[in-house]
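Structural characterization, general
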Amino acid sequence: MGAGHSHPLYLEGSSVVHRLPAEVKIVAAFLTVLCVVATPREAFWAFGGYLLLLAAVWAAARIPPGWMARRALIEAPFVVLAVLLPFTGPDPRFEWAGLSLSHAGTLGAWNILAKGTLGVLTSLTLAATTPMRDLLLGLQRLRVPALVLTIATLMLRYADVIAGEARRMRLARIARGHDPRFLWQAGATARGIGSLFIRSYERGERVHLAMLSRGWTGTMPTTGAPATVRSQWLVALALPLVAAALAVTGMMTT
Amino acid sequence: MSTTDVAMHMSDGIVNAPTSLIFGVISILFVGLAAVRARADLDDRTAPMAGLVTAFVFAVQMINFPILPGASGHLLGGALVAILVGPWVGTLCITIVLVVQSLLFADGGLTALGTNVFNMAIIGVFVGWAVARAMRGLARRSRRGLIVTAFVAAFVNTVVASLGFVLEYAIGGAAGATTGTVLTLMVGFHALIGIGEGIITAATVGAVAAVRPDLVHLLRTAPRVAQPAGRGPARGEGSTA
């Protein structure tokens, strides 16, 4: 039960970015990605501008770019889809290094790759500078319903426990020679998931009784976190503001 | 792990900004409705259970199952939660998982959150639930009937959820492939994933129904009588696995 109250993508720190309230960072990150997505794909230089913008945030937050780059590999599955596009896209086609590539398909692949990568990097920056409990507080201040927050809080507390249990069950299967390659070999995995559900639910019943015995009334107690001030909003919203300027310039020039 | 994970989480930039915003608004409205309706299924008393079910969905999405050598998929869990905890609570569970994955794990784009919630938490759960409801007579008759119901619900849920992606792509697709190509690719892949989803959902529901049938929302007739915790027979591994 040694589950920490942090998450794997969090990078301990006390920089300006770390100290900003979570709701401010969530809104800023969302608006920034929205600007990225709205930028025309032909405005190649604008995407370089976004990368510089993020690099400035990393410098302020003291996140090493190499740390970021390694974690950005999360994106790999999307790249597979994007790599197919130049080959499956419609005519007209052009020759490159002996390959016949679709013009629209290649532009589409670039579009997914550039916007997807910038999106992942923005999310990673948010995750690296925001611990879990701040994130929940931020969601609360963004008016997420109390029931949803209660469920999310408990989920985050226990996700590591349940995931650890799933990992141990998987190891146990592998240790007994389980090496599935085809769909019809999924039976053992499935029965494992069944018992995982029962264990999760019964743990929920025990947790509920434990919470009741400690005086739980149905709502999470609020902690005495300081209120967000306007200057913090101004600092954080500088990021999407610059991004919006890049997006608008991109739209005008293409 | 050298296999490619074929997941349905969309990244940023696959559909354009207006489409992302429209589906974001639809999803927020619908999840708000789900939060209100879930209260009927779930008083404050049982919120911890929903939290643990959500943690379960989160853990299960990390388990890959094989499709073909070199390619694997992971469970979406729409039909599974619809059958186990009902559609409204199920929608909340999947939505929370998607939001947390997007905010803390950079899995699925921030602007694609609306479309991802729409496909997996709304279409996925409700299509799975509609199929399961339509087959409820069969599901209640026998264990075999329940397993068939769970399989069909999960298969249909996966394929229809991938059609949600095709719909969004047709409205505001920002890549160079034609809608026809995307339709063929997505439905082809997800028919395969749907078989895996179906097998796992069926076996999971079957395993739960064998030990704690009172936990299966689809089989419930009247409001569940409060049951003391830890009374479920056989929590041991041997009896269920």
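None of these values were measured; they are calculated from a predicted model.

1. Re the overall build of chain A
Counting secondary structure elements, chain A contains 10 helices and two strands. Counting helices and strands in the order they occur from the N terminus, chain A gives α-α-α-α-α-β-β-α-α-α-α-α. The proportion of buried residues among the 254 residues of chain A is 49%. Across chain A, contacts joining residues at least 24 apart in sequence account for 76% of those joining residues at least 6 apart.

2. Comments concerning the packing of helix H1 (residues 17–41) of chain B against helix H5 (residues 113–134) of chain B
Residues and elements named next belong to chain B. Where H1 contacts H5, the two axes come as close as 8 Å, and the packing angle between them is 45°. Here H1 lies oblique to H5, going by the angle between them. For the crossing formed where H1 meets H5, the hand is left-handed. Of H5, the residues touching H1 (which contributes Phe 23, Gly 24, Ile 26, Ser 27, Phe 30 and Val 31) are Gly 114, Thr 115, Val 117, Phe 118, Ile 122 and Phe 126.

3. Some remarks on helix H8 (residues 146–175) of chain A
Residues and elements named next belong to chain A. Spanning 30 residues, H8 covers 43 Å between terminal C-alpha atoms, matching the ideal 44 Å at 1.5 Å per step. Of all the bends in H8, the greatest, near 45°, is centred on Tyr 158. Downstream of H8 by a residue or two, Gly 177 has a phi angle that is positive, lying close to 85°.

4. Considering the nonpolar core
Core analysis: the largest hydrophobic core is formed by 98 residues, its most contacted members being Met 155 of chain A together with Leu 92 of chain B. When residues in this core are grouped by element, the largest group, 15 residues, is from H8 of chain A. Those residues in contact with Leu 92 of chain B that sit more than four places away from it in its chain are Leu 147, Val 148 and Ile 151 of chain A together with Val 31, Ala 34, Ala 35 and Ala 38 of chain B. With 30 residues, the next largest nonpolar core counts Phe 47, Ile 63 and Leu 239 of chain A together with Ala 106 of chain B among its residues.

5. Observations concerning the pairing of strand E2 (residues 99–102) of chain A
Residues and elements named next belong to chain A. Across four bridges, strand E1 (residues 93–96) lies against E2 in antiparallel orientation. Counted as the bridge partner of Arg 93 is Ser 102 from E2. Between E1 and E2, which pair antiparallel one after the other, the connecting turn spans two residues, and Ala 97 there sits at a positive phi close to 50°.

6. Thoughts on the packing of helix H6 (residues 103–129) of chain A against helix H4 (residues 87–105) of chain B
Interhelical geometry of H6 of chain A versus H4 of chain B gives an angle of 85° and a closest axis separation of 6 Å. As judged from the angle between their axes, H6 of chain A and H4 of chain B are roughly perpendicular. Residue-level inspection shows Ser 123, Leu 126 and Ala 127 of chain A of H6 of chain A in contact with H4 of chain B, the latter providing Ser 102, Leu 103 and Leu 104 of chain B.

Reading the values: the criteria
- Residues numbered from 1 in each chain as written.
- Chains lettered and ligands numbered in written order.
- Predicted model: local features only at pLDDT ≥ 70, side-chain atom pairs only at ≥ 80, totals over all residues.
- Heavy atoms only, no water.
- Helix = DSSP H or I, 4+ residues; strand = E, 2+ residues; numbered from the N terminus.
- Buried < 20%, exposed > 50% of the residue type's maximum accessible area, 1.4 Å probe, protein only.
- Contact = heavy atoms within 4.5 Å.
- Axes fitted to C-alpha atoms, helices over the stretch in contact; angles between N-to-C directions.
- Parallel < 35°, antiparallel > 145°, perpendicular 65-115°, else oblique.
- Left-handed = near helix turned anticlockwise from the far one by under 90°.
- Expected span 1.5 Å × (residues − 1).
- Bend = angle between axes of the 7 residues up to and from the residue.
- Core = buried A, V, L, I, M, F, W, Y, C linked by side-chain atoms within 4.5 Å.
- Pairing = 2+ DSSP bridges.

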